Amino acid sequence: MTTFSDIFKKGFLQETGNLTTADFAMSMLAAFLCGMIIYMVYRYFYKGVIYNNNFNILLVLTSMITCFMVMVISSNVVLSLGMVGALSIVRFRTAVKDPLDVGFLFWTVAVGITCGAGLYIISLAATLMISVVYILLIKVRNRKRVYLLIVKYRDDAQESVTRVIRSLRKVLKNRTSTSGYTEMTYEIRMSKNNTSFVKSLSELEGVEYASVVEFTGDYCE
């Protein structure tokens, strides 16, 4: 005689999908391959300050973890409910400061979802298309690059410093004055990496130091 307990076990505790070992292996392999493509794109076309290999490894892991999560959710109702409940109480405290890093994370999550759903060709094709678009946007970005010029000099060298940087397209961002010294921070735009003026500033009498760093929004590289 079939009881309610038997119905519950058959309907919820057992697998409800048609997931096989071959399907599992194919999904995980596809997620790994797509994750490695993302890994290579991030590795060789990263434009931030300091390349973080741990974050790049996380991208590959995220695609594979999301993949098997989707497979579990689609194959067992009870496990899916338990996983949703567990994820609802997890708090991620690591701040992602670069918007592009957030985009890469969403990319890997999308790869994991599509591979977990068995859409291998779509996942691989979309990964390749997004990679090409990203590389093209990086390569054809505006040639005028933004830099920060920081120069500290004695007050009596004001005229000499002004003469050297007069031709630069600049915007004053910060000015700090101490006893006998002034430190200026300018935002400058240049179409080429012509930073010879930094050497001219450094050679001026009364200039303590002059440096220039590329400005990329929230970061300098």
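Residues numbered from 1 in each chain as written. Predicted model: local features only at pLDDT ≥ 70, side-chain atom pairs only at ≥ 80, totals over all residues. Heavy atoms only, no water.

## Let's talk about the pattern of salt bridges
Counting across every chain of the model gives two salt bridges. Among the salt bridges present, the one from glutamate 208 reaches lysine 152, with a minimum N-O distance of 4.0 Å. Here glutamate 208, found in strand β4 (residues 207-214), pairs with lysine 152, found in strand β1 (residues 145-154); they are 56 residues apart in sequence, far enough to count as distant. Look at glutamate 208 and you get partly exposed, because its relative accessible area is 47%. Residue class for lysine 152 comes out partly exposed when judged on its relative accessible area of 21%. The salt bridge involving glutamate 187 is made with lysine 173; its shortest N-O contact spans 3.5 Å. Taken as a pair, glutamate 187 in strand β3 (residues 181-190) and lysine 173 in strand β2 (residues 170-178) lie far apart in primary sequence, 14 residues in all. (Salt bridge = Lys/Arg side-chain N within 4 Å of Asp/Glu carboxyl O. Helix = DSSP H or I, 4+ residues; strand = E, 2+ residues; numbered from the N terminus. Buried < 20%, exposed > 50% of the residue type's maximum accessible area, 1.4 Å probe, protein only.)

## Examining the packing of aromatic side chains
Taken as a whole and judged by the stated rule, the model has five aromatic pairs. On the numbers, 4.9 Å between centres and 85° between planes, the contact of tyrosine 42 with phenylalanine 104 is edge-to-face. Note that tyrosine 42 is positioned in helix α2 (residues 21-45) and phenylalanine 104 in helix α5 (residues 99-116), a separation of 62 residues in sequence. Residue classification places tyrosine 42 among the buried residues on the basis of a relative accessible area of 2%. Both rings, one in phenylalanine 104 and one in tryptophan 107, keep their centres 5.6 Å apart while their planes meet at 35°; by these two values the pair is tilted. Within this pair, phenylalanine 104 and its partner tryptophan 107 are both found in helix α5, separated by three residues, close to a single helical turn. With respect to burial, phenylalanine 104 and tryptophan 107 carry one shared label: buried. Each residue in the set Tyr42, Tyr46, Phe55, Phe104, Trp107 and Tyr134 is aromatic and connected to the rest through ring pairs, giving one cluster. (Phe/Tyr/Trp six-rings, centres within 6.5 Å; stacked < 30°, edge-to-face > 60°.)

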